[in-house]
Structures are given as structure tokens and as C-alpha cells.
Amino acid sequence: MKALAACLFPLLLGLTGCSPQPVASPPEGATIVAVVGAIHGQHRRSEAYSLDILRQAIVKFDPDIVMVELPADRFAVASANFDQFGEVRESRADDFPELTDVVFPLRQQQGFTMIPVAAWTQDIAANRRTVEKRLATDPVRTEDWSEYRAANQRYGKAVAGRSDDPAFIHSSAYDAAIKSRQESYEHLFGDDLGAGGWNAINAAHLANINAALDSISGQEKRVLILFGAAHKYKIVEGLEAREDIFLADPAVLFGE
């Protein structure tokens, strides 16, 4: 599905102030989906995209379901701990303050359902770290590593001064910068990384997301998918072919 026009989305939220524009309507029974990019620990240091700003955006969207970047086993521990202690106390979730400080507390307040859809496992993550360390010091791969560092530098220039701007993060310009860097990473190292390669892990994330969307298809739910911002374009591209969802423009959630 094409992304929801910026003017229609506020109307779906019950907001006003848009000039009338010719826009498509959601198909009957469609699931309304917003894919929001998180910046993990940077949320705690950013004024432009603080945890409070993320919290306001989620409240504005008013989801029935939030799909989160945790694997099912880690989510089960985190959720049980939060219910018992009021704290997540799970090592992987602790890396994501958008979950520990925002989504878990909001679930308690707003009553939405959380669904874990990340495909990462400890073995995949450990293998990726080992392989990357080897590649970075392998004299045979020096040229490849230099090419990847150059791609990182181009990305850094493209996002300089606005890597924590939610309007930019939810723009095609940001997606293009991320895509260029990550496609270089995949081209150079995807075969080495196996299940932890960029294409492979995102295909696995997307399979979990699609399975969760299949389970609620036709129920007119409002679903917010919250992943690290680098994954956002991959998720959107993977969902565009679905005819039972309506992709909302998440940038609207961060406006006035």
C-alpha cells in the first residue's frame, strides 16, 4: 500500500487543521499501520527526539497493538518482570529505553497489546560480533572494510546535525541515507554474516511482522511497529505489497 497522505492521517486521529487534499481512503477492514523509528540510547540524550516526545507520538497514534524489537523469549522475561516489579530487568530490553521507559509503562496505562517481532537470537548476535571483529582485522578484507568505512562516512555526512530529528528520521531522505550504507554492508559482508546479515535478519523480522499482521487481518486494528530507525525502510518496503493494511505517515505523529 502507498503511504497514507499527511493530511488524511490527522483526520484519522480526530485532528483538524489540514487543507483538503484528494487522498485515498483505507480499504474496508484495513489495519492502520505506522512504522516508527527509534534511536535507542540517543533518546535519553536528545531534546528533539526525547523519550517524552516518543511517548506523545505513541499516545497520539492510540494503538491497539505495538509490535516491538524484542525476540519472544526476551519479551516474555521482560514482560513478567515489569508486571511483577514495575521494571523490565532484561538485558536486551535494557538497551532499548523506548521500551523500558515508554512502551511498557504506556501499555499499563493505555491497555494496548505488545507483540514481540524481532528475529534476533543470542547466537546470531554473538556470531555477528565475532565475524565483524574478524573482518575488521583481516588483511585480505582490508579493501572491503575500507569501502564500508567510506559508506559510513557518507552516511554520517548525510545525517549530520539531524540524526535525532524525528521529522528527518521519518523522511525519504533519511531512508535513502540508511539504505545506501546498509546495502554496502550487505554487499560486502552479507555472505559472511549469514543469518545476521542485513537482508537475512530483516527478512526474518518481516516474517514475524507479517505473521502478526495476518493474525489480525480484517479487524481494523491500529498497529504501531517500533524498531530501530535503520530498519524502518526495510519494514515499509516489505509491507507495501499487502492489500489489507494502510501505511500511515509516522512523521505526522511528531508534528504540532
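Residues numbered from 1 in each chain as written. Predicted model: local features only at pLDDT ≥ 70, side-chain atom pairs only at ≥ 80, totals over all residues. Heavy atoms only, no water.

How would you explain the pattern of salt bridges if you had to name every residue and give the values?
In this structure the tally under the stated criterion is twelve salt bridges. Here Asp144 and Arg141 are joined by a salt bridge, their closest N and O atoms 2.8 Å apart. What makes Asp144 partly exposed here is its relative accessible area of 22%. By relative accessible area, which is 14% here, Arg141 ends up buried. One salt bridge connects Lys179 with Glu237, and the closest N-O pair in it is separated by 3.0 Å. Remark: Glu237 occurs in helix H10 (residues 232-239) and Lys179 occurs in helix H8 (residues 172-193); sequence separation between them is 58 residues. Residue Lys179 is classed as partly exposed on the basis of its relative accessible area, which comes to 29%. Owing to a relative accessible area of 40%, Glu237 belongs among the partly exposed residues under this scheme. (Salt bridge = Lys/Arg side-chain N within 4 Å of Asp/Glu carboxyl O. Buried < 20%, exposed > 50% of the residue type's maximum accessible area, 1.4 Å probe, protein only. Helix = DSSP H or I, 4+ residues; strand = E, 2+ residues; numbered from the N terminus.)

I'd like a rundown of the sheet that holds strand S1 (residues 31-38), residues and numbers included.
What the five strands build is an open sheet, ordered S3-S2-S4-S1-S5; its pairing is parallel. Either end of the sheet is taken by a strand with one partner, and the two such strands are strand S3 (113-116) and strand S5 (245-248). Each strand of the sheet is rotated relative to its neighbour by a mean of 25°, with strand direction disregarded. Bridging between S1 and strand S4 (residues 222-228) involves seven bridges; their strand directions are parallel. What sits directly across from Ile32, in S4, is Arg222. Across the sheet, H10 lies against S1, S4 and S5, angled at about 160° from S1, the strand it touches most. (Pairing = 2+ DSSP bridges. Axes fitted to C-alpha atoms, helices over the stretch in contact; angles between N-to-C directions. Contact = heavy atoms within 4.5 Å.)

Can you explain the layout of surface pockets? Please cite residues and give values.
Of the voids in this model, the largest pocket is the one considered here, and its volume is about 830 Å³. Broken down by secondary-structure element, the contributors of at least two residues to the lining of the largest pocket are helix H3 (72-85), helix H5 (122-137), helix H6 (142-159), H8 and helix H9 (198-216). Among the elements that line the lining of the largest pocket, the one with the most residues is H5, at six residues. Split into classes, the residues belonging to the lining of the largest pocket amount to 17 nonpolar, ten polar and eight charged. (1 Å grid on protein atoms, 1.4 Å probe; cavity = no way out; pocket = protein on both sides within 12 Å on 5 of 7 lines; lining within 4 Å. Points joined across faces, edges and corners; volume = space filled by probe spheres on them. Nonpolar A, V, L, I, M, F, W, Y, C, P; charged D, E, K, R; others polar.)

I'd like a description of the packing of H5 against H8, backed by residues and values.
As a packed pair, H5 and H8 sit with axes 10 Å apart at the nearest point and diverge in direction by 120°. Comparing their axes, H8 and H5 come out oblique. Between H5 and H8 lies a crossing whose hand is right-handed. Contacts between H5 and H8 involve Asn127, Arg128, Val131, Glu132, Arg134 and Leu135 from the first element and Tyr185, Phe189, Asp192 and Leu193 from the second. Counted by class, the contact of H5 with H8 contains five nonpolar, one polar and four charged residues. (Parallel < 35°, antiparallel > 145°, perpendicular 65-115°, else oblique. Left-handed = near helix turned anticlockwise from the far one by under 90°.)

Outline helix H4 (residues 97-110), listing residues and values.
The first and last C-alpha atoms of H4 sit 18 Å apart over 14 residues, in line with the 20 Å expected at 1.5 Å per residue. Across the 14 residues of H4, ten count as buried, placing the element largely inside the fold. Among the residues making up H4, those that are buried are Pro97, Glu98, Leu99, Thr100, Val102, Val103, Phe104, Pro105, Leu106 and Arg107. Where H4 is buried, its residues contact S1, helix H2 (51-61), strand S2 (65-68), H3, S3 and S4. Phi for Gly111, located one or two positions after H4, is positive at around 80°. (Expected span 1.5 Å × (residues − 1).)

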